[in-house]
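# Per-entry structural report
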Amino acid sequence: VIEQCLAKYSPNQIAVAFNGGKDCTVVLHQYSFFLQKKYAHTSTPAPTVRALFIHNKPQFERVIEFVDQCVQQY
């Protein structure tokens, strides 16, 4: 599905919904992997991963720390 999405849209048209949970983390990791794979054989660096995190309710501090770590990593 991610490969199909990248074939149809450019990376600046794609954003990953992310809330720090396990499922979203897997999708974020896979999307980052496919971006790196797609741009590995080009002189163009892989684009920055775009993600959307809406902090609209109280979160555990550890979740916020994890989201911050993911921002640095991806």
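Here, the structure is the one placed above.
Throughout what follows, the structure given in this document is the object of discussion. Being a predicted model, the structure only gives us computed values, none of them experimental.

### Some remarks on the environment of Tyr39
Residue position: Tyr39 is located in helix H2 (residues 22–39). In this structure Tyr39 touches Pro11, Thr44, Pro45, Ala46 and Pro47, once residues within four positions along its chain are discounted.

### Observations concerning the side chain of Thr25
Mapped onto the elements of the fold, Thr25 is located in helix H2. Owing to a relative accessible area of 19%, Thr25 belongs among the buried residues under this scheme. Apart from residues lying up to four places away in sequence, Thr25 is in contact with Phe18, Gly20 and Phe66.

### What about H2?
Here H2 contains 18 residues, and its C-alpha end-to-end distance of 26 Å stays within 8% of the 26 Å for a straight helix at 1.5 Å per residue. Among the residues making up H2, those that are buried are Thr25, Leu28, Tyr31, Ser32, Phe34, Leu35 and Tyr39. Residues of H2 that are buried in the fold lie against helix H1 (2–8), strand S1 (16–17) and helix H3 (61–73).

### Quick look at the nonpolar core
Among the nonpolar cores identified, the biggest contains 13 residues, and Ile2, Leu6, Phe18, Leu28, Tyr31, Leu35 and Val49 are the most heavily contacted of them. Listed by contribution, the elements that provide at least two residues to this core are H1, H2 and H3. Counting residues per element, this core draws most heavily on H2, which supplies five residues.

### Details of the environment of Cys70
Here Cys70 shows up in helix H3. Measuring from C-alpha to C-alpha, the distance between Cys70 and Ile2 comes to 19 Å, with 68 residues separating the pair along the chain. In contact with Cys70, not counting residues within four places along its chain, are Phe18 and Leu28.

Reading guide: rules and limits
- Residues numbered from 1 in each chain as written.
- Predicted model: local features only at pLDDT ≥ 70, side-chain atom pairs only at ≥ 80, totals over all residues.
- Heavy atoms only, no water.
- Helix = DSSP H or I, 4+ residues; strand = E, 2+ residues; numbered from the N terminus.
- Contact = heavy atoms within 4.5 Å.
- Buried < 20%, exposed > 50% of the residue type's maximum accessible area, 1.4 Å probe, protein only.
- Expected span 1.5 Å × (residues − 1).
- Core = buried A, V, L, I, M, F, W, Y, C linked by side-chain atoms within 4.5 Å.

Nothing here speaks to function; it is all geometry.
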